[in-house]
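# Structure at a glance
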Amino acid sequence: MDATPKDSWTNTTHDWAAAVDVEHLAGIRAGAAGLAPGGVAHLVLEVLAYPGDEAAARGAGRCVVTLHADGAVSVRDDGRGTDTRVDEHGEAVKKPVMATKDLRFFDDPGAELLPDGHPRRGMSVVAALSTRLLHTNRRLNGAWTQRYQHGLPVTGLDPIEPDGTTGTCVTFHPDAALVPPGLPDAERLARWAAHWPALEVRVEHGPAASRGSGRSAEAAL
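Residues numbered from 1 in each chain as written. Predicted model: local features only at pLDDT ≥ 70, side-chain atom pairs only at ≥ 80, totals over all residues. Heavy atoms only, no water.

### Some words on helix H1 (residues 22–30)
Rules: To sort residues, take the accessible area from a 1.4 Å probe on protein chains only and compare it with the maximum for the residue type: under 20% means buried, over 50% means exposed, and anything in between is partly exposed. Numbering of helices and strands runs from the N terminus; a helix is a DSSP stretch of H or I covering at least four residues, while a strand is a stretch of E covering at least two. This arc is built from the directions going out from the helix axis to the C-beta atoms. In what follows, a contact means two residues having at least one pair of non-hydrogen atoms within 4.5 Å.
Within the sequence span of H1, burial applies to His24, Leu25 and Ile28. What you see down the axis of H1 is that its buried residues fit within an arc of 95 degrees, all on one side. With respect to the buried face of H1, the exposed residues turned more than 90 degrees away are Val22, Glu23 and Ala30. Tucked inside the fold, the buried residues of H1 contact helix H2 (32–35), helix H4 (123–128) and strand E7 (152–153).

### A few points about helix H3 (residues 40–58)
Inclusion rule: The span one expects for a helix is its residue count, reduced by one, times 1.5 Å. The quantity called bend is, for any residue, the angle between two axes fitted respectively to the seven residues ending at it and the seven beginning at it.
Spanning 19 residues, H3 covers 28 Å between terminal C-alpha atoms, matching the ideal 27 Å at 1.5 Å per step. At leucine 48, H3 shows its maximal bend, which comes to roughly 25 degrees, and the proline proline 51 appears one to four places after that position. Directly after H3, the chain includes glycine 59, whose backbone phi takes a positive value near 100 degrees.

### Examining the nonpolar core
Generally speaking, soluble globular proteins have nonpolar side chains that are buried together. Put simply, the rule reads: To define a nonpolar core, start from buried Ala, Val, Leu, Ile, Met, Phe, Trp, Tyr and Cys residues and group those joined through side-chain atoms within 4.5 Å.
Membership of the largest hydrophobic core comes to 40 residues, with the highest contact counts inside it found for Leu48, Val65 and Phe172. Listed by contribution, the elements that provide at least two residues to this core are H1, H2, H3, strand E1 (61–68), strand E2 (73–77), H4, strand E9 (167–174) and strand E10 (199–206). For this core, the element with the most residues is H3, which contributes 9 residues. Leucine 48 has contacts with Cys63, Val65, Val75, Trp196, Leu199 and Val201, leaving out every residue within four places of it along the chain.

### Some words on the pairing of E1
Keep this limit in mind: Two strands pair if DSSP finds at least two bridges between them.
Taken across its 8 residues, E1 has 7 buried, putting it largely inside the fold. Relative to E10, E1 is paired through 8 bridges, and the arrangement is parallel. Paired with glycine 61 across the bridge in E10 is leucine 199. Relative to E2, E1 runs antiparallel, the two sharing 5 bridges. Residue pairing for E2: threonine 66 is matched across the bridge by serine 74. Remark: 4 residues form the turn of the hairpin made by E1 and E2, two consecutive strands paired antiparallel; glycine 71 in that turn has positive phi of roughly 95 degrees.

### Some details on the environment of arginine 80
Structurally, arginine 80 is set in the loop between E2 and strand E3 (84–86). Look at arginine 80 and you get exposed, because its relative accessible area is 57%. Remark: the alpha-carbon pair of arginine 80 and tyrosine 50, spanning 30 residues in sequence, is separated by 11 Å. Excluding anything up to four places from it in sequence, arginine 80 contacts Glu54, Arg138, Arg139, Thr166 and Gly167.

In structure tokens, the structure reads:
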């Protein structure tokens, strides 16, 4: 990756200058009922919307949603991976999708509706309402993983061994104190996935999500 000054990067979906927006994340937790109506099912749709966007742009895409026995959910796609760049200091910087607002949707009263009929607000809603979240990101120019608690990063952007694939895997553990507990209905999720016709979605049940490297959550596409 070629290094470029961070202040020259154009903001499209998120603000590159703000790695973490603590106030934004706290506001999501305070307004959890309104931002995650329907509970965990809505959070899954918030995640699916991103590979849905990319599949529409590319003409096709695939995604696996795994409903884990411990109440966690993994969403893995075969897209390009989350935009990650090298700044002028030689540091890898991932677009702050988990810890800052999606500039397109969060404050927009006319935001697009997800297939459950509720507005799309962005990935930060999922991260802020999860006790733990693991984001594994594979791109042609590298692969990384990062962990979050309630949207706040608790590790750096840690490089991992490339495996010849691209895409993302997000495994999140919804906070039962903020979101009604219980896994969403797999058949309903599969029907809702038709909202993104270019995205092939498979919904499956799996074992408890690993606290280790996250590889067990990366179901084969």
